[in-house]
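What follows is each chain in one-letter form.
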Amino acid sequence: MSSQGLADGALAPYEAIVEHAELELELAGAGDLDGLTTLAVRWEQLESELPTDPPAVAGPLLEKARLIHERSRVELLRLQELVLSELDTAARARRTADGYAGQLRRRPRLDASA
């Protein structure tokens with residue numbers, strides 16, 4: 001086997017990490033939290049298969065995976081802000097509805113003619 005073939009084989013786990021990070025970014029961008037949860041187990045598996053000391057040729061792939069992972073984190077923060085904003089809007093709507101409800105005459109829950 002050539003030294004290039006040996007290097008390619010040694011890089012396979014790092015390429016898998018990059019592909020996985022790209023998929024996570026895609027799911028985060030789409031807001032697919034269930035898909036991200038499912039992928040978490042696979043990430044741990046891929047990570048556990050990496051050697052303690054990566055070969056020098058894996059440096060660019062590790063950097064790429066790190067940058068993609070950071071973009072995923074930013075997407076998740078954006079999603080978090082969106083959800084918090086929606087919760088705030090719902091709480092405000094509830095408070096408004098409660099305010100109007102206080103002005104309405106209470107109706108009995110049972111019909112007396114029944």
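What counts and how
Residues numbered from 1 in each chain as written. Predicted model: local features only at pLDDT ≥ 70, side-chain atom pairs only at ≥ 80, totals over all residues. Heavy atoms only, no water. Helix = DSSP H or I, 4+ residues; strand = E, 2+ residues; numbered from the N terminus. Buried < 20%, exposed > 50% of the residue type's maximum accessible area, 1.4 Å probe, protein only. Contact = heavy atoms within 4.5 Å. Areas by Shrake-Rupley, 256 points an atom, 1.4 Å probe, with all protein chains shown as cover. Core = buried A, V, L, I, M, F, W, Y, C linked by side-chain atoms within 4.5 Å. pLDDT = per-residue confidence, 0-100. Patch = residues over 30% accessible without salt bridge, like charges linked within 9 Å, V, L, I, M, F, W, Y side chains within 5 Å. Salt bridge = Lys/Arg side-chain N within 4 Å of Asp/Glu carboxyl O.

Here we look at the overall build of the protein
For the protein, the helix and strand inventory stands at three helices and zero strands. The order of helices and strands in the protein, counted from the N terminus, is α-α-α. Evaluated residue by residue, the protein yields a buried proportion of 19% over its 114 residues. Here the analysis covers contacts within the protein between residues at least 6 apart in sequence; of these, 78% occur between residues at least 24 apart. For the protein, the computed accessible surface area is about 8,900 Å², with 57% contributed by carbon and sulfur atoms.

A closer look at the nonpolar core
Within the largest apolar cluster, 13 residues are counted, with the highest numbers of intra-cluster contacts made by L11, Y14, I17, V18, L61 and I68. Listed by contribution, the elements that provide at least two residues to this core are α1 (3-30), α2 (33-48) and α3 (59-101). Per element, the largest residue contribution to this core is six residues, and it comes from α1. Once residues within four sequence positions are removed from consideration, L11 is found in contact with V57, A58 and L61.

Brief notes about the confidence of the model for the protein
On average, residues of the protein score 85 in pLDDT, and 82% of them are at 70 or above. Averaged pLDDT values for the elements of the protein fall to 85 in α1 and rise to 91 in α2.

Points about a nonpolar patch on the surface
On the surface, V83, L84 and L87 cluster together into a nonpolar patch covering about 270 Å² of accessible area. By secondary structure assignment, the location of L87 is in helix α3.

What to know about the side chain of S72
Summarising the element assignment, S72 is placed in helix α3. A residue is classified by how much of its surface remains accessible, and S72, at 5% relative accessible area, is buried. The contact partners of S72, leaving out residues within four places of it in the chain, are A21, E24, L25 and A28.

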